[in-house]
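# Fold and contact review
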Amino acid sequence: MELIQETPDLSAYLAADEVIDHDSPVVRQTAARLAAQAEDSHAYARLAFEFVRDTVPHSQDSGDPRVTWRASDVLKQGTGICYAKSHALAALLRAEDIPTALCYQKFDVVHGLVAVRFHGAWHRQDPRGDKPGVTTRFSLNGEQLAFPVDPDSGELDYPTLYAEPHPAVLQALRGARDREHLWELLPAAL
């Protein structure tokens, strides 16, 4: 699948905003701690991916009722669904000048991922978190995502690479009282 940048301006995929707040102290501190362990940007990206995947539990898996959406809140509270975890990973990567986009898949509901730019190409990564039957890995050589799509069932990979979270995603996250209510608000399509 060909991934398509929403904007040709690569600097948009490095920007901080209200959601991907990589200028916040908790994001900066976490990024600095991870960068100190990495010999280059590829190693840093893998460490950041593994950090979000492994230390921020997916709130559905852990039963945490809190809804997070801002990257710094995901890191402070240590919880989030796929969108929130993607926001946190994007912030950590952008904090170290790695262009990072948000991207999505459509199943019964929309699933959130990120794409990182290395060697002139975009590579999708899924920081959702592993569980029985779901194994993800950071890879620049073939995707290792949580869920493969089945086009015959109406599932699809959206090709657009967003510099900011999709408005439907943010509306659901911001409008939810708790995780149970969020499940009622999750977008079924973009």
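Provided above is the structure to which this section pertains.
Summary of the structure given here. Everything numeric here is computed off the predicted structure, so don't read it as measured data. (Residues numbered from 1 in each chain as written. Predicted model: local features only at pLDDT ≥ 70, side-chain atom pairs only at ≥ 80, totals over all residues. Heavy atoms only, no water.)

## Quick word on the nonpolar core
Just so we agree on the cut-off: Here, nonpolar core refers to any group of buried Ala, Val, Leu, Ile, Met, Phe, Trp, Tyr and Cys residues whose side-chain atoms link them within 4.5 Å. Three labels apply to residues, based on accessible area from a 1.4 Å probe with only protein chains included: buried if under 20% of the type maximum, exposed if over 50%, partly exposed otherwise in between. Here a helix means four or more residues in a row that DSSP labels H or I, a strand means two or more in a row labelled E, and each is numbered from the N terminus. The contact criterion used is simple: two residues touch if any of their non-hydrogen atoms lie within 4.5 Å.
If you look at the biggest cluster of nonpolar residues, it comprises 47 residues, and the most contacted ones within it are Tyr44, Leu75, Tyr83, Leu92, Leu93 and Tyr104. Every element with two or more residues in this core is listed here: helix 1 (25-35), helix 2 (41-55), helix 4 (71-77), helix 5 (82-95), strand 2 (100-106), strand 3 (110-118) and helix 6 (167-175). Counting residues per element, this core draws most heavily on helix 5, which supplies 10 residues. Residues in contact with Tyr44, not counting those within four places in the same chain, are Ala31, Leu34, Ala35, Ala38, Leu92, Leu93, Glu96 and Ile98. Counting residues in hydrophobic clusters, the runner-up holds 10 residues, among them Tyr13, Ala101, Cys103 and Leu161.

## Regarding the side chain of His22
By the element assignment, His22 lies in the loop between strand 1 (4-5) and helix 1. With residues up to four places along the chain from it excluded, the contact list for His22 reads Leu14, Ala15, Ala16, Val27, Arg28, Ala91, Arg94 and Ala95.

## Comments concerning the layout of surface pockets
Let me state the cut-off plainly: Here a cavity means grid points, on a 1 Å grid over the protein atoms only, where a 1.4 Å probe fits yet cannot get out; a pocket means an open set of points with protein on both sides within 12 Å along at least five of seven lines; lining residues are those with an atom within 4 Å of a point. Grid points are joined across faces, edges and corners, and a volume is the space filled by probe spheres set on the points. Here the nonpolar group is Ala, Val, Leu, Ile, Met, Phe, Trp, Tyr, Cys and Pro; Asp, Glu, Lys and Arg are the charged ones; every other residue, Gly included, is treated as polar.
Here the largest pocket is characterised by a volume of approximately 320 Å³. As for the largest pocket, its lining consists of 15 residues, and the residues nearest its centre are Gln60, Val109, Val110, His111 and Phe147. Its residues placed into classes, the lining of the largest pocket shows nine nonpolar, three polar and three charged.

## Focus on helix 5
Definition in use: By this rule the span expected of a helix is its residue count minus one, scaled by 1.5 Å.
Here helix 5 contains 14 residues, and its C-alpha end-to-end distance of 20 Å stays within 8% of the 20 Å for a straight helix at 1.5 Å per residue. Burial analysis of helix 5 places 14 of its 14 residues in the buried class, which makes it a mostly covered element. The positive-phi residue at the C-terminal boundary of helix 5 is Asp97, with phi of around 60°.

## Focus: unusual backbone geometry
One non-glycine residue with positive phi stands out, namely Asp97, at about 60°. For Asp97, the location among the structural elements is in the loop between helix 5 and strand 2. Asp97 sits in the exposed class, given a relative accessible area of 62%. For His119, which is not glycine, the phi dihedral falls at a positive 55°. Its place among the elements puts His119 in the loop between strand 3 and strand 4 (121-125).

## Some points on the pairing of strand 3
Where we set the bar: For two strands to count as paired, DSSP must find a minimum of two bridges between them.
With eight of nine residues buried, strand 3 is to be regarded as a mostly interior element. As paired strands, strand 2 and strand 3 are joined by seven bridges and run antiparallel to one another. In the sheet register, Ala101 faces strand 3, and the bridge partner there is Ala115. Hairpin connection of strand 2 to strand 3: three residues between the antiparallel strands. Sheet topology note: the strand 3/strand 4 ladder contains five bridges and is antiparallel. Within the sheet, the bridge partner assigned to Arg117 lies in strand 4 and is Trp122. Between strand 3 and the antiparallel strand that follows it, strand 4, lie two residues; His119 among them carries a positive phi value of about 55°.

## Observations concerning the packing of aromatic side chains
Condition: Pairing of aromatic rings covers Phe, Tyr and the six-membered ring of Trp, with a centre-to-centre limit of 6.5 Å; geometry is then stacked below 30 degrees between planes, edge-to-face above 60, and tilted otherwise. Remark: a charge is flagged as sitting over a ring if the NZ atom of Lys or the CZ atom of Arg is within 6 Å of the ring centre and within 35 degrees of the ring normal.
Summed over the entire model, instances satisfying the criterion amount to five aromatic pairs. Seen from their ring centres, Tyr13 and Trp122 are 5.2 Å apart, and the 65° between their planes marks the pair as edge-to-face. With a gap of 109 residues between them, Tyr13 in the loop between strand 1 and helix 1 and Trp122 in strand 4 connect regions that are remote in the sequence. Members of the aromatic cluster, connected to one another through ring pairs, are Tyr83, Tyr104 and Tyr162. Over the face of the ring belonging to Trp69 we find Arg174, whose NZ or CZ atom lies 4.4 Å from the ring centre. When the ring centre of Trp183 is taken as reference, the NZ or CZ atom of Arg179 above it lies at 5.9 Å.

Everything listed here is a matter of coordinates, which is why it stays silent on function.
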